[in-house]
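# A look at the structure
What follows is each chain in one-letter form.
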Amino acid sequence: MLPEKIEEFRSLLRQRRKELEAYSEMSAEARAAVELDQSSVGRVSRIDAIQQQAMALVTERNRERDLQRIKAALVRIDEGEFGYCVDCGESIAEKRLKFNPSVPQCVDCAP
Ligand SMILES: [Zn+2]
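## Focus on the overall build of the chain
When its secondary structure is counted, the chain shows 4 helices and 0 strands. For the chain, the N- to C-terminal ordering of α and β elements is α-α-α-α. For the chain, whose C-alpha radius of gyration is 19 Å, the value lies well above the compact-globule estimate of 13 Å for 111 residues. Principal-axis analysis of the C-alpha atoms places the extent of the chain at approximately 60 × 25 × 20 Å. Counting over 111 residues, the chain shows a buried share of 9%.

## What about the environment of S11?
Residue position: S11 is located in helix 1 (residues 3-26). In sequence terms S11 and A30 are 19 residues apart; their C-alpha atoms lie 30 Å from each other.

## A short note on the nonpolar core
Counting 7 residues, the largest nonpolar core is built from F9, L13, I70, A73, F82, I92 and L97. Put simply, the parts of the chain that give this core at least two residues each are helix 1 and helix 3 (43-78). Excluding its chain neighbours within four sequence positions, the residues that come into contact with F9 are F82, L97 and P101.

## Description of the packing of helix 1 against helix 3
One way to put it is that helix 1 packs onto helix 3 with a least axis distance of 10 Å and a crossing angle of 155 degrees. Taken together, the axes of helix 1 and helix 3 lie roughly antiparallel to each other. Here the hand of the crossing between helix 1 and helix 3 comes out left-handed. Of helix 3, the residues touching helix 1 (which contributes I6, R10, L13, R16, R17, L20, Y23 and S24) are E60, R63, D66, L67, I70, A73, L74 and I77.

## Some points on the confidence of the model for the chain
On average, residues of the chain score 90 in pLDDT, and 92% of them reach the 70 mark or higher. When pLDDT is averaged over each element of the chain, helix 4 (residues 94-99) comes out on top at 96 and helix 2 (residues 28-37) at the bottom at 68.

## Things to note about helix 3
Relative to the 52 Å expected for 36 residues at 1.5 Å per residue, helix 3 spans 52 Å between its end C-alpha atoms, a close match to the ideal helical length. Just downstream of helix 3 lies G80, where phi reads positive at about 75 degrees.

## Looking at the environment of C88
With respect to the helices, strands and loops of the structure, C88 is situated in the loop between helix 3 and helix 4. The exposed category is assigned to C88, around which 12 C-beta atoms lie within 10 Å. Each C-alpha atom, one on C88 and one on A110, is 11 Å from the other, the two residues being 22 residues apart in sequence. Beyond its immediate chain neighbours, meaning those up to four positions away, C88 contacts C106 and C109.

Rules behind the numbers
Residues numbered from 1 in each chain as written. Predicted model: local features only at pLDDT ≥ 70, side-chain atom pairs only at ≥ 80, totals over all residues. Helix = DSSP H or I, 4+ residues; strand = E, 2+ residues; numbered from the N terminus. Rg over C-alpha atoms; globule rule 2.2 N^0.38 Å. Buried ≥ 20, exposed ≤ 12 C-beta atoms within 10 Å, placed from the backbone. Core = buried A, V, L, I, M, F, W, Y, C linked by C-beta atoms within 7 Å. Contact = placed C-beta atoms within 7 Å. Axes fitted to C-alpha atoms, helices over the stretch in contact; angles between N-to-C directions. Parallel < 35°, antiparallel > 145°, perpendicular 65-115°, else oblique. Left-handed = near helix turned anticlockwise from the far one by under 90°. pLDDT = per-residue confidence, 0-100. Expected span 1.5 Å × (residues − 1).

Put into structure tokens, the structure is as follows:
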């Protein structure tokens, strides 16, 4: 892949990483909210709060996973491995990378 292309993907990945980290910070409150409210709210709204917290936790887990994939992709760029499938070593289609630059596998190896 052309170095310019790789730089393009690098800045996309960095941008995405920044966004995810910002969301993570913003939602930290939602994940911690239940304990704070427990004494002051009724049962129904507490259940509501617990459900919201559970959702926030799932979202955070997904975000954490995305973040790990992005960091791994940035490492692959540094090591000159970017754009190659981590399983078979074949190059990953550029269209696939454009859709998601952190994707580690080619279409054949993807689970
Ligand atoms: Zn592969």
